[in-house]
Amino acid sequence: MSLNLQLKFVEAFGFKFLHNALSINAFTFPFHLHTHSSLPFPSPARTHTGPRFRPLTTVFSAVKAEQSSAPPVRVVAVVGHGAASPLQSASWEQVMLHTAKRLKWVDEGYELLVFTDECIVSSGQMSVRLQKELRDADMLVIIAVTNEKSVGWINNNSKTIENVICLDSSSDLKNKLGGYDVPSEVRGSIFGSFFGTSQSDKAKESYEVVQTVSEAWDRHNSDDIRFCLLVLINAYIRPVPVLNNLRAKGFSTLNCMLRNCGRQVLNCLLDPNCRKALQCLNQCSPVDQVCNYRCIASYESANLEAFSLCVLQKNNCLELEAEVPDKPCVPPMIKFRGQNLSYEMAEDLFVGWLGSLQWSWRVVAGQNPAYDQFPCQYQLFYRGKAKGSFWYEPVFQVKTFEGQMVWRRRKYRVRRGKVPGTFYFSVLDNGVVSNEFWTIVDVAENLSWGLFHYHGAARVAGQSYTGAVLVSPDGAFPSERERTEIVGALDKCEIKEWELFNVDNCSCIDPPLGIPEGSSLHSIVQIEDPKQRPV
């Protein structure tokens, strides 16, 4: 079939299909996984070692936003005194104070002030301060507040605030968005369908915002909590630059695809697996990396890879941009076994147990909810046959939409960073290039555990992210006596223990391990027999 005929076919058969997909969701494509796949927007459900579907937020995992000269965005949070969050029962006060710091990684102009309702009940000096802050607030976020006195006080002192969001709190508290009252009897996920059957554009847009926030909040992780606030800021206070990537560019995107990638589009539409992948992606929220990555993993094909390579990587039809985040700034370890860390020694620490075992490390837990949750994550680090070459191959499992557990494997090129213990990773994953900056934060002298941090971006997909993985030889948590050192390493990454997700390492049968013939392993660090390690 000639290219002209192919394009005509695409226009007749695929234009409406592609337009529907692009108009409903941002066209999110897979990005890599670290540990095993890739990790994003706030993380709705993506991955990192396999195609890393970077959430259009990330995750907002450490996204670098444009600095604005606009006045600060002032958000006040009031949380129930002593109320426990779903994040490993950390208090909501702890969670929101940490969220305030993480908002600064996106934009220094975002101010989040956190109060507990104890100050309302006690009617002390903090109550006066809260009252003052509410007068200047752009948004009030109320979490887990049920005390009757607190409820009445908040309703009386929030009347002039245009945006009041009540989460997991008393039904007597009043919600507002953009000055629009939200019925207080709403129950269920966050706000529910409070706009009813209204067909106004404003109501539709607000309903979409509510649905996005509701889905993200229900994922119960720190990335999505931050994402909820960013979505609300973007919709009702001022534009959030990183959220520009939530939507495709409509017909300009389609024109680019048909002009430059007609053959690849046609092949995808004619391939049942590729077509199912697009249909599946169309059902995912653009910020749900888990959903997006499962679509890719379930229907992965050569035609899908060719499609994304042409549409995204080569022609950037979505007109997106993303940079590798520079926050938080995580320092690498300086010494190992009493010696200054060198490049060779740092590479040996990545190589880890490979040689004594069939893998370098296994992932115990991770911070990024989109990429660090996959079962059975094996890390393979090794030196290549070419002088100075170094490679990373994550192997991990993914549960497809058909309910099957499948193994996935990716291959990253690794280059040394500016200082020992830092590295640049790059991978072509399902047609999209992802670049990452990794830091060896700490490794125990007996290699009983290690902590690796990463910042990353898939530029043409408009996605940035950050995360960290705790690793050990067997995928089991290190001993309790090592907890203090691990917590200290997490602090360097500005990560709290309650942000980590445990990896399921229970049913890891026949992983596709092995490294290329002629590869080499350690050059300096001596690795002991794992059977001799103290329990």
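Structural data are supplied above this passage.
Residues numbered from 1 in each chain as written. Predicted model: local features only at pLDDT ≥ 70, side-chain atom pairs only at ≥ 80, totals over all residues. Heavy atoms only, no water.

Draft legend 1. The arrangement of the packing of helix H10 (residues 272-283) against helix H12 (residues 302-314) in detail. Contact pair H10 / H12: the axes reach a minimum separation of 7 Å and the direction vectors enclose 55°. Compared by their axis directions, H10 and H12 come out oblique. For the pair H10 and H12, contact is made by Cys274, Ala277 and Leu278 and by Asn303, Leu304 and Phe307, respectively. Its residues assigned to classes, the contact of H10 with H12 comprises five nonpolar, one polar and no charged. (Axes fitted to C-alpha atoms, helices over the stretch in contact; angles between N-to-C directions. Helix = DSSP H or I, 4+ residues; strand = E, 2+ residues; numbered from the N terminus. Parallel < 35°, antiparallel > 145°, perpendicular 65-115°, else oblique. Contact = heavy atoms within 4.5 Å. Nonpolar A, V, L, I, M, F, W, Y, C, P; charged D, E, K, R; others polar.)

Draft legend 2. Broad picture of the pattern of salt bridges. Under the defined criterion, the tally for this structure stands at 19 salt bridges. For the salt bridge of Arg238 with Asp107, the shortest nitrogen-to-oxygen distance reads 3.6 Å. Of the two residues, Arg238 is situated in the loop between helix H7 (222-236) and helix H8 (251-260) and Asp107 in the loop between helix H2 (92-106) and strand E4 (110-116); the sequence distance between them amounts to 131 residues. Accessibility expressed as a relative area gives 11% for Arg238, which makes it buried. Residues joined in a network through salt bridges with shared partners are Glu344, Glu347, Asp348, Arg383 and Arg416. (Salt bridge = Lys/Arg side-chain N within 4 Å of Asp/Glu carboxyl O. Buried < 20%, exposed > 50% of the residue type's maximum accessible area, 1.4 Å probe, protein only.)

Draft legend 3. Looking closely at the packing of aromatic side chains. For the coordinates displayed, the defined rule picks out 21 aromatic pairs. Seen from their ring centres, Phe381 and Phe390 are 6.3 Å apart, and the 25° between their planes marks the pair as stacked. On the basis of relative accessibility, which here comes to 1%, the residue Phe390 falls in the buried class. Judged by centre distance (5.6 Å) and plane angle (65°), the ring pair of Tyr392 and Phe425 falls under edge-to-face. Placement of Tyr392 in strand E13 (residues 390-399) and of Phe425 in strand E16 (residues 422-429) is noted, with a sequence separation of 33 residues between them. A relative accessible area of 0% means that Tyr392 is categorised as buried. Ring pairing ties together the aromatic residues Phe350, Trp361, Phe381, Phe390, Tyr392, Tyr412, Phe423, Phe425, Trp438, Phe452, Tyr454 and Tyr465, which thus form one cluster. Directly above the ring of Trp359 sits Arg362, whose terminal nitrogen or CZ lies 5.7 Å from the centroid. (Phe/Tyr/Trp six-rings, centres within 6.5 Å; stacked < 30°, edge-to-face > 60°. Lys NZ or Arg CZ within 6 Å of the ring centre and 35° of its normal.)

Draft legend 4. A look at unusual backbone geometry. Cis peptide bonds are those with omega within 30 degrees of zero, and the linkage from Lys327 to Pro328 qualifies with 0°. In this fold, Pro328 is placed in the loop between H12 and strand E9 (335-336). Of note, the phi angle at Ser89 is positive, near 65°, even though the residue is not glycine. Looking at the element boundaries, Ser89 is found in the loop between strand E3 (73-79) and H2. On the accessibility criterion, Ser89 (57% relative accessible area) is exposed. Phi is positive for Asn430, which is not a glycine, with a value near 50°. Looking at the element boundaries, Asn430 is found in the loop between E16 and strand E17 (432-443).

Draft legend 5. Structural detail: the nonpolar core. In this structure, Phe336, Leu349, Phe350, Phe425, Ile440, Val443 and Phe452 are the most contacted members of the largest nonpolar core, which totals 43 residues. The element best represented in this core is helix H13 (residues 343-351), accounting for five residues. Contacts of Phe425, omitting those with residues within four sequence positions, involve Phe350, Phe381, Tyr392, Tyr412, Arg413, Val414, Ser434, Asn435, Glu436 and Trp438. Counting residues in hydrophobic clusters, the runner-up holds 41 residues, among them Val73, Leu87, Leu229 and Leu230. (Core = buried A, V, L, I, M, F, W, Y, C linked by side-chain atoms within 4.5 Å.)

Draft legend 6. Layout of the state of the cysteines. One pass over the structure, following the stated rule, counts five disulfides. Here Cys256 connects covalently by a disulfide to Cys317, the sulfurs 2.1 Å from one another. Given an S-S torsion of about -70°, the disulfide between Cys256 and Cys317 has left-handed geometry. Here Cys256 is found in helix H8, whereas its partner Cys317 is found in the loop between H12 and E9, with 61 residues between them in sequence. Cys317 carries the same exposure label as Cys256, and that label is buried. Here Cys268 connects covalently by a disulfide to Cys274, the sulfurs 1.9 Å from one another. With the S-S dihedral at roughly -90°, the linkage between Cys268 and Cys274 falls on the left-handed side. With respect to burial, Cys268 and Cys274 carry one shared label: buried. Considering cysteine sulfurs only, Cys508 is the nearest to Cys506, which forms no disulfide, with 7.6 Å between them. Overall, the relative accessible area of 71% leaves Cys506 in the exposed class. (Disulfide = S-S within 2.5 Å.)

Draft legend 7. Region of the structure containing the pairing of E3. Burial within E3 is extensive, with six of its seven residues counted as buried. Inspection of the sheet shows E3 paired to E4 by seven bridges, in the parallel sense. Residue Arg74 lies in a different strand from E4, and its bridge partner there is Glu111. In this fold, E3 hands off to H2, which returns the chain to E4; that crossover is right-handed. In this sheet, strand E5 (residues 139-143) lies alongside E3 in parallel orientation, the contact comprising five bridges. Looking across to E5, one finds that Val79 is bridged to Ile143. (Pairing = 2+ DSSP bridges. Right-handed = clockwise from strand over helix to strand, strands pointing away.)

Draft legend 8. Summary view of the environment of Asn157. Checked against the element boundaries, Asn157 lands in helix H5 (residues 148-157). In this structure the C-alpha to C-alpha distance between Asn157 and Leu134, which are 23 residues apart in sequence, comes to 7.4 Å. For Asn157, the contacting residues outside a window of four places in its chain are Gln131 and Leu134. At a separation of 2.7 Å, a polar atom in the side chain of Asn157 contacts the side chain of Gln131. (Polar contact = N/O pair within 3.5 Å; in protein donor to acceptor, adjacent residues only side chain to side chain.)

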